[in-house]
Number of protein chains: 2
Amino acid sequence: MKLKIKLMGWSAGLPVATLNAKTAEKLGVHTKDRILIKTISKKPKSISTILNVIHKGIKKDEIIVSSELKKRIGLKISQIVEVSLAPTPRSMFLIKKKLDGNVLSLKDINEIIQDIVSNSLSEPEIALFIAAMYKQGMTLKETIYLIKAILKSGEKLNFRGKYIVDKHCIGGIPGNRTTPIVVAICASAGLIMPKSSSRAITSAAGTADVIETIAEIEFSMKEVKQIIKKTNACMVWGGALEMVPADSKIIRVEKMLKIDPKAQLLASIMSKKLALGSKYILIDIPYGKNAKVSKLKALELKKDFEKLGKYFRKKIKVILTKGDEPIGNGIGPILELIDVIRILDPNKDGPKDLREKSIFLAGEIFELTKKAKKGKGVAMAEEIINSGKAFEKFKEIIKAQKGDINKIKIAKFKKDIFAQKSGKIKEIHNKKIASLARVSGCPVDKLSGLFLYVHLKDKVKKADKLLTIYSESKSRLEEAMKYYRDKKPIKII
Amino acid sequence: MKLKIKLMGWSAGLPVATLNAKTAEKLGVHTKDRILIKTISKKPKSISTILNVIHKGIKKDEIIVSSELKKRIGLKISQIVEVSLAPTPRSMFLIKKKLDGNVLSLKDINEIIQDIVSNSLSEPEIALFIAAMYKQGMTLKETIYLIKAILKSGEKLNFRGKYIVDKHCIGGIPGNRTTPIVVAICASAGLIMPKSSSRAITSAAGTADVIETIAEIEFSMKEVKQIIKKTNACMVWGGALEMVPADSKIIRVEKMLKIDPKAQLLASIMSKKLALGSKYILIDIPYGKNAKVSKLKALELKKDFEKLGKYFRKKIKVILTKGDEPIGNGIGPILELIDVIRILDPNKDGPKDLREKSIFLAGEIFELTKKAKKGKGVAMAEEIINSGKAFEKFKEIIKAQKGDINKIKIAKFKKDIFAQKSGKIKEIHNKKIASLARVSGCPVDKLSGLFLYVHLKDKVKKADKLLTIYSESKSRLEEAMKYYRDKKPIKII
């Protein structure tokens, strides 16, 4: 059917087309079907994309295209194109091939990833790819292909430097905000640390949410390069960089399905590190009760990362850390930032556990890069923090990201929670603590969250303060109190 | 977040809610996320549904709901409701349980099917369910549970009668339009045949498309009952009956994925037959080269249907028929209808293969219901056709469905294709023939399609007519000619 191009009033962020319901009916297509748009010329260009059907705001002889789609095949407003139901892309057969237990080639995986990026595969189709990876597993070779394909589909930083380092934590531990501290220490010592981070998905805060409380986090690759040139480092939101668009789309469907196949987890982390040009990578895997992974699973991941490091010729060190309880005092964007500053500022006194872990991680990076001799990394990191240099570096990076560390605000409402009996802290449940912080408003309400006064094995007396809940909304504070009473995230024996 | 109810300007056909993009951002939700809508009262009602985010046409403090959603929990325009991100439904964990190789209980499967119907599961989540059925298979028990759950979620016909019969063909053979002929013969003999059919998905025509050329096919259960009371039978589109809404949704995702797990195929067919109250069911499974299934797979399906028949206490007979080539002359809605009428009208001469197969199927039904003695069914069916009674019955049913058999029209354009050499017909490729008919305009352009003059093993001379392509569009006719030359669906040796 011949239709006239109309441009979408906003950016959909991805290639997508919209038709009038009557036109769609005539074509025999429905919302989420794949349609083929073909230009009319001697050398026609074509693209397949996912369809959206609406009832108002479009004429029967029109097709609304997103600016991404317009750009992809160079469409002009009012241009006439041929629109039809698109054939199934070959990548669907490749996904089925995987689901049937076959091994995919680099070419196969490239094709699947390209189709994911170009929106030729719908979310149910991506779900099938995830199910196939989950059920059949991926060989090391396939995982490597997946990393290469994801990398190929995105943008790279292309920053030159001998000492480009990165750290990554697989997450799951509330309050465990080591990144800003490690970045500040390492950058002070002359290491290059282009840190891209994620926002919270199921946790109370991601590093991106924490930094966003006082600075900007959405920059282009070009801007990131400038920030790094100035300060040796950055702490930005990975989502804005278009480094790994395929990964972002797969993760979006994974979140719906609550399935996270190992190959995709490895590829997601590795592709980002490689896109940023990291040569030394420290990976922190917290394990234990209520952590993301058991010790067994953590050891398995460690081996996988080491193999991938060898293949891609990167120095990767994987450390397993205890993850039985939250780390630090603050849980939630601003409260975690306050912990970070209390640790970095030599005139203040921050939570010991978070300070020690951050210094340990920075020390490991110093030894990995041979900036420090074996066994001397921690001392070097400690000295940098004590000297105030790390704090200065942190302020410098925040300033380069158009921020100001004096922007810190405190939530309007708070409520303390007290021990109902004397005894010893037996459990502080990671997932319940994260949920409690989310009920109070995290991560959207950046000032909300928790301040934890206790840790495992601490002795408490009846009526001792266990934690304070902060929120910008009185009703959410009430909900959080109710959640605390119902779920009992802290157990005393 | 508290929002004001606004009603959608049209029926979405399913429970769905729409938010302003700014509001969605504040809530931290995206299009296709699952949100929870909760009424504010002492006994709040709540429902979870899939979200749609738009940029215009809705205020920040509003939520647009579909009429289905409004009805489901009794919402009023301008009513204030509490909206939040919905927790993952338990059915998602059940789907994962299946994917991990566990067997599901009736309660489990009921929960999944209920969530599919109520739109609490998104399409990627349904895709995961399909992948789980595909990879793990379903036991006979699970298949029975699936049938029961699908039945429970829909409407039944509730027609009383001793001789309610049905026939089903698993499809895949172009031109194989036996249903209208079998229905006419059986209904003439006093059998009750409430036939619901599908539209074409990948074929040139479904029975629903064929009947729609001259009659209406969308009726409510109540109307269907009236038609059957009058004529003993009907030939309507199953999609309008809301018999198996869960099945329709699963099939929609299956089509995207090009995956059709056996349990779902069995459940899809059986649930519809049971919803219509059929007591005698004849199932036709064409097998062979380029058919849907091999002989082995056909035998396996036969056994499954027989087991299900035994469990549900229905007389099921499964017959395997040769499906190596198209049947009849016409392929496409109106061209197949013309075949049907040429066979039913005693004054006309229709294609022998289609006539014989239809009589054979009707004969089998007569023997299954004991209307005829063993070995006498075919003779009985033949007599009914020869007497003109079947043709009268067919016209009666068409009339009851507000149709008229004199409505038949012929396509504007046609083109003949001739043999390029003398020899014997070696292959008439089912799938390529179906695609050729689709290129010419099927099933949307009901007058388009093919007229086949030859069958396998026929001897032809160079320049003999092989087929005629019909179309309402000159350009589609050109495309079809090109497709024929490229794909060569007919081979001569």
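For the structure itself, consult the block above.
Within each chain, residues carry numbers counting from 1 in the order of the written sequence. Lettering of chains starts at A and numbering of ligands starts at 1, both following the order in which they are written. In view of the model being predicted, local features appear only for residues whose pLDDT reaches at least 70, and side-chain atom pairs are presented and counted only at 80 or more, with totals across whole chains, interfaces and linings using the full set of residues. Here the side-chain values reflect all heavy atoms present in the structure, with hydrogen atoms and water set aside.

**Observations concerning unusual backbone geometry**
Residues and elements named next belong to chain A.
- Omega for the bond connecting Cys442 with Pro443 falls within 30 degrees of zero, at -5°, which places this linkage in the cis form.
- On the secondary structure map, Pro443 appears in the loop between helix H17 (430–440) and strand E15 (449–452).
- The backbone of Asn290 sits at a positive phi, close to 65°, despite the residue not being glycine.
- Counting through the fold element by element, Asn290 comes out in the loop between strand E10 (280–287) and helix H12 (295–311). Only DSSP runs of H or I reaching four residues or more are called helices, and only runs of E reaching two or more are called strands; each is numbered from the N terminus.

**Side note on the packing of aromatic side chains**
Residues and elements named next belong to chain A.
- Two rings from Phe, Tyr or Trp (for Trp, the six-membered ring) form a pair when their centres are within 6.5 Å of each other. A pair whose planes differ by under 30 degrees is stacked, one over 60 is edge-to-face, and the rest are tilted. Overall, the coordinates contain six aromatic pairs over all chains when judged by the stated rule.
- Consider the rings of Phe451 and Tyr453, whose centres lie 5.0 Å apart with planes at 55°: the pair is tilted.
- Since its relative accessible area comes to 34%, Tyr453 is described here as partly exposed.
- Lysine and arginine charges are scored as sitting over a ring when NZ or CZ, respectively, is within 6 Å of the ring centre and within 35 degrees of the ring normal. For the cation-ring pair, Arg199 lies above Trp237, with the distance from its terminal atom to the ring centre recorded as 4.9 Å.
- Here Lys395 stacks its cationic end above the ring of Phe391, 4.3 Å away from the centre of that ring. Burial classes follow relative accessibility: with a 1.4 Å probe on protein chains only, a residue under 20% of its type's maximum area counts as buried, one over 50% as exposed, and anything between as partly exposed.

**Overview of the sheet that holds strand E13 (residues 413–418) of chain B**
Residue and element names in this part refer to chain B.
- The criterion for strand pairing is that DSSP finds at least two bridges linking the strands in question. With antiparallel pairing, four strands are arranged side by side in an open sheet as E12-E15-E17-E13. Every interior strand has two partners, whereas the edge strands, strand E12 (330–331) and E13, have only one.
- Looking at chain direction, E12 and strand E15 (residues 449–452) are connected through two bridges and run antiparallel. The residue of E15 that forms the bridge with Ile331 is Leu450.

**Quick word on the nonpolar core**
- If you look at the biggest cluster of nonpolar residues, it comprises 138 residues, and the most contacted ones within it are Ile113 and Leu146 of chain A together with Ile113 and Phe305 of chain B.
- Here, two residues are considered to be in contact whenever any of their heavy atoms come within 4.5 Å of each other. In this structure Ile113 of chain A touches Leu146, Ala149, Ile150, Ser153, Ala246 and Ile250 of chain A, once residues within four positions along its chain are discounted. Nonpolar core, defined: a set of buried Ala, Val, Leu, Ile, Met, Phe, Trp, Tyr and Cys residues in which side-chain atoms within 4.5 Å join the residues together.

**Looking at the side chain of Ser440 of chain B**
Residues and elements named next belong to chain B.
- Mapping Ser440 onto the fold places it in the loop between helix H17 (430–439) and E15.
- A relative accessible area of 0% means that Ser440 is categorised as buried.
- Once residues lying within four places of it in the same chain are set aside, the contact partners of Ser440 are Asp445, Ser448, Gly449, Ile469, Tyr470, Ser471, Arg476 and Ala480.

**Thoughts on the pattern of salt bridges**
- What makes a salt bridge here is a side-chain nitrogen of Lys or Arg within 4 Å of a carboxyl oxygen of Asp or Glu, nothing more. As enumerated under the stated definition, the model contains 70 salt bridges over all chains in all.
- In this structure, Glu364 of chain A and Lys317 of chain A form a salt bridge, with 2.8 Å as the shortest nitrogen-oxygen distance. With a gap of 47 residues between them, Glu364 of chain A in helix H14 (residues 352–368) and Lys317 of chain A in strand E11 (residues 315–322) connect regions that are remote in the sequence.
- Overall, the relative accessible area of 12% leaves Glu364 of chain A in the buried class.
- For the salt bridge of Glu382 of chain B with Arg355 of chain B, the shortest nitrogen-to-oxygen distance reads 3.7 Å. Here Glu382 of chain B, found in helix H15 (residues 377–386), pairs with Arg355 of chain B, found in helix H14 (residues 352–368); they are 27 residues apart in sequence, far enough to count as distant.
- Take Arg355 of chain B: its relative accessible area is 22%, and that puts it in the partly exposed class.
- Among the ionic contacts, a cluster of salt bridges with common partners joins Arg199, Asp209, Glu212, Glu218 and Lys446 of chain A.

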